[in-house]
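These are the residues of each chain, in order.
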Amino acid sequence: MAAPPPRVLTIAGSDSGGCSGAPADLRTFAAYGVHGLCALTAVTAQSAAEVRAVEPLGPELVRQQLETAEEIGLDAIKIGMLSDAATVEVVARWLERLPPTPAVLDPVLRSTSGTALLDAEAMPVLVERLLPQLLLVTPNLFEAERLSGMTITGLEEARDAARRIERMGPSVLVTGGHGGGTGKPGGEVTDLLFDGNRFEAFVHPRIRTRWRRGTGCTLSAAVAAGLGWHLPLQEAVRRAVAFVERALRGSYPLGRSGGQGTLDPMAGRRGRR
Ligand code: PXL
């Protein structure tokens, strides 16, 4: 019998297309060699191009998934799409009672195509009840603007936004991939980590691919998996950024037009290359 690997839970939505949400998280967990658990918050029907339907599963079913996951045992947690205020509340209440376990939130607000994945009235619940209990939150520039109430047009403002969000509880990783905001000239992207004491900038080449669905999900899942292996936060983030870079280099097209597609958390780990 093999020794059990770390157990890492994703609390997220299902993307029927397998690009983002829980499917992306579970592939990432597999690539990291951890045991992935999955508490689904919502089911979405997605083609390569659009989110066609979204159905929340409701706080009671989420609560039961969390409690059964807890009985199995957890070394780290990743949280993604939460859908509505009642679901945020259930996750917050459960975390309050859980023995200390590192938790990473990707504050998913909307899909790439613009569909809302978190109700507007859930935002204050997320800030007041959930953020204080987390080790790390990983907003992209848009999400960092919404959380901080600031407009971000450059690195200095991204730092200010990170300071504001960190005061709400968790360390902050502002990811720069979605815009020029924290991207330096020369095709580089800066992801900015602030732990309340110091900033660490992770600068990496911008991978030019159109097939990048699931990037944010994969990054936060990779950090959680690293934390499951008991890496310190800085090291878990450093490895996760490198992991996403490799997954983007292995990205592939999907759908009839091939205009959409996803990064590949399993890049380099199976036959296809
Ligand atoms: O990328 C954010 C995201 C997270 N979770 C689910 C999604 C999406 C984007 O479409 O569908 C389920």
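Presented here is an overview of the structure given in this document.

About the thresholds
- Residues numbered from 1 in each chain as written.
- Predicted model: local features only at pLDDT ≥ 70, side-chain atom pairs only at ≥ 80, totals over all residues.
- Heavy atoms only, no water.
- Salt bridge = Lys/Arg side-chain N within 4 Å of Asp/Glu carboxyl O.
- Helix = DSSP H or I, 4+ residues; strand = E, 2+ residues; numbered from the N terminus.
- Buried < 20%, exposed > 50% of the residue type's maximum accessible area, 1.4 Å probe, protein only.
- Pairing = 2+ DSSP bridges.
- Near = heavy atom within 4 Å.
- Polar contact = N/O pair within 3.5 Å; in protein donor to acceptor, adjacent residues only side chain to side chain.
- Areas by Shrake-Rupley, 256 points an atom, 1.4 Å probe, with all protein chains shown as cover.
- Nonpolar A, V, L, I, M, F, W, Y, C, P; charged D, E, K, R; others polar.
- Expected span 1.5 Å × (residues − 1).
- Arc of directions from axis to C-beta.
- Axes fitted to C-alpha atoms, helices over the stretch in contact; angles between N-to-C directions.
- Parallel < 35°, antiparallel > 145°, perpendicular 65-115°, else oblique.
- Left-handed = near helix turned anticlockwise from the far one by under 90°.
- Contact = heavy atoms within 4.5 Å.
- Core = buried A, V, L, I, M, F, W, Y, C linked by side-chain atoms within 4.5 Å.

1. With respect to the pattern of salt bridges
- Scanning the entire structure with this criterion turns up 16 salt bridges.
- With a closest N to O distance of 3.9 Å, Asp15 and Arg213 form a salt bridge. Here Asp15 is found in strand 1 (residues 7-15), whereas its partner Arg213 is found in the loop between strand 9 (199-205) and helix 7 (215-228), with 198 residues between them in sequence. The pair formed by Asp15 and Arg213 is uniform in burial state, with each residue classed as buried.
- For the salt bridge of Arg129 with Glu89, the shortest nitrogen-to-oxygen distance reads 2.7 Å.

2. Here we look at the pairing of strand 7 (residues 171-174)
- Neither face of strand 7 is exposed, since Ser171 and Leu173 on one face and Val172 and Val174 on the opposite face are all buried.
- In terms of strand pairing, strand 6 (residues 136-137) meets strand 7 through two bridges, oriented parallel. By the bridge assignment, Leu136 is partnered in strand 7 with Ser171.
- Pairing analysis gives three bridges linking strand 7 to strand 8 (residues 188-194), with the strands arranged antiparallel. Within strand 8, the residue paired with Val174 across the bridge is Leu192.

3. A closer look at the site of the ligand
- Taken together, the neighbourhood of the ligand is formed by Gly13, Ser14, Ser20, Gly21, Gln46, Met81, Val108, Ser111, Leu117 and Cys217.
- Here Ser20 contributes a side-chain N or O atom positioned 3.5 Å from an oxygen atom of the ligand.
- Side-chain polar atom of Gln46 to an oxygen atom of the ligand: 2.5 Å apart, as the coordinates give it.
- Starting from 310 Å² of accessible surface for the ligand in isolation, the protein chains cover 91%.
- Split into classes, the residues belonging to the shell around the ligand amount to four nonpolar, six polar and no charged.

4. Considerations on helix 2 (residues 59-72)
- When the terminal C-alpha atoms of helix 2 are compared, their 20 Å separation across 14 residues agrees well with the 20 Å that a helix rising 1.5 Å per residue should span.
- Inspection of helix 2 places Val62, Gln65, Leu66 and Ala69 among the buried residues, and these make up the whole buried set. Taken end-on, helix 2 shows its buried residues confined to a sector of 100°, consistent with a single buried face.
- Remark: Gly73 follows helix 2 within two positions and exhibits a positive phi of approximately 110°.

5. A word on the packing of helix 5 (residues 141-148) against helix 6 (residues 155-166)
- Packing of helix 5 against helix 6 brings their axes to within 9 Å, and their N-to-C directions diverge by 55°. Judged on the interaxial angle alone, helix 6 and helix 5 are oblique. Judged by the twist between their axes, the crossing of helix 5 over helix 6 is left-handed. Residues Ala144, Leu147 and Ser148 of helix 5 form the contact with helix 6, whose participating residues are Ala161, Arg164 and Ile165.
- Its residues assigned to classes, the contact of helix 5 with helix 6 comprises four nonpolar, one polar and one charged.

6. Let's talk about the nonpolar core
- Grouped together as the largest cluster of nonpolar side chains are 44 residues, with contacts concentrated most on Leu9, Ile11, Ile77, Ile79, Leu82 and Leu130.
- With six residues, the single largest contributor to this core is helix 3 (residues 85-97).

7. Here's the deal with the sheet that holds strand 6
- Strand order across the open sheet formed by nine strands is 3-2-1-4-5-6-7-8-9, with mixed pairing between neighbours. A strand with exactly one partner marks an edge of an open sheet, and here the two such strands are strand 3 (51-56) and strand 9.
- Alignment of strand 8 against strand 9, held across seven bridges, turns out to be antiparallel. Bridging across to strand 9, Thr190 finds its partner in Val203.
- Helix 1 (residues 21-32) rests against strand 1, strand 2 (35-46) and strand 4 (76-79) of the sheet, and its axis sits at about 150° to strand 1.
- Strands in contact with helix 8 (residues 233-249) are strand 6, strand 7, strand 8 and strand 9; relative to strand 9, the strand with the most contacts, it is inclined by about 15°.

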